[in-house]
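Chain and residue survey
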Amino acid sequence: AGPKPVEDRNKEYLEQFPLDTLAMVVTLDREGKVFGLVQTQDGMVHRVIQGNYLGQNDGRIVAVNDAGIRLEELVPDGIGGFYKRSAEIGLGE
C-alpha cells in the first residue's frame, strides 16, 4: 500500500535534473492555462504545466502560479516503499 511511482510511463526531459538546478523564470497564461517557464543550468528554457513531471524523485507538478511551481515528490522510505514530499521551485531560484 501507499504511494508508488508509475512504472510504465516515459520519463519527461526535466526529470534528469535535481530540483535545486532548476529555476522558474516566468509564468504565462494562455487560453485559461497557466504555464511555467523553467530554466536549466545550461540556460535552456522549458515550458511546464500542472501534471508534468520534473526533478529526480518522480516530482509531479500540482500547481503553477506567479509565486512558483509546487510539486509532490515520491521519495524512497528506505524499507521498500515511498512517501510523498512537497517541494517548490520559486520564481528566480
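Everything here concerns the structure above.
Summarised in this report is the structure supplied together with it.

How each quantity is defined
- Residues numbered from 1 in each chain as written.
- Predicted model: local features only at pLDDT ≥ 70, side-chain atom pairs only at ≥ 80, totals over all residues.
- Heavy atoms only, no water.
- Buried < 20%, exposed > 50% of the residue type's maximum accessible area, 1.4 Å probe, protein only.
- Helix = DSSP H or I, 4+ residues; strand = E, 2+ residues; numbered from the N terminus.
- Pairing = 2+ DSSP bridges.
- Patch = residues over 30% accessible without salt bridge, like charges linked within 9 Å, V, L, I, M, F, W, Y side chains within 5 Å.
- Areas by Shrake-Rupley, 256 points an atom, 1.4 Å probe, with all protein chains shown as cover.
- Salt bridge = Lys/Arg side-chain N within 4 Å of Asp/Glu carboxyl O.
- 1 Å grid on protein atoms, 1.4 Å probe; cavity = no way out; pocket = protein on both sides within 12 Å on 5 of 7 lines; lining within 4 Å.
- Points joined across faces, edges and corners; volume = space filled by probe spheres on them.
- Nonpolar A, V, L, I, M, F, W, Y, C, P; charged D, E, K, R; others polar.

Take the pairing of strand β3 (residues 45-48) next. Burial along β3 is one-sided: the face carrying H46 and V48 is buried and the face carrying V45 and R47 is not. One ladder, built from 4 bridges, connects strand β2 (residues 33-39) with β3; its direction is antiparallel. What sits directly across from V38, in β3, is H46.

The next point concerns a nonpolar patch on the surface. Together, V25, V26 and V45 make up a nonpolar patch on the protein surface, roughly 200 Å² of accessible area in all. With respect to the helices, strands and loops of the structure, V45 is situated in strand β3. Classification of V45 as partly exposed rests on a relative accessible area of 42%.

With that out of the way, let us pick up the pairing of β2. Each regular strand carries side chains that alternate between the two faces of the sheet. As paired strands, strand β1 (residues 23-30) and β2 are joined by 7 bridges and run antiparallel to one another. Counterpart to V26 in the pairing with β2 is L37. Connecting the antiparallel pair β1 and β2 is a turn made up of 2 residues, with E31 showing a positive phi of about 50 degrees. Between the end of β2 and the start of β3, which pair antiparallel, lie 5 residues, with G43 showing a positive phi angle near 90 degrees.

Enumeration over the complete set of coordinates arrives at 6 salt bridges. Here E73 makes a salt bridge to R85, at a shortest N to O gap of 2.9 Å. With E73 in strand β6 (residues 68-76) and R85 in strand β7 (residues 82-90), the pair connects residues that are 12 residues apart, well separated along the chain.

A few words now on the layout of surface pockets. Computed from the structure, the largest pocket encloses a volume of approximately 160 Å³. Forming the walls of the largest pocket are K4, P5, V6, R9, Y53, D58, R60, V62, E72, L74 and K84. For the lining of the largest pocket, the secondary-structure elements that each account for two or more residues are β5 (59-65) and β6. Here the lining of the largest pocket is composed, by residue class, of 5 nonpolar, no polar and 6 charged.

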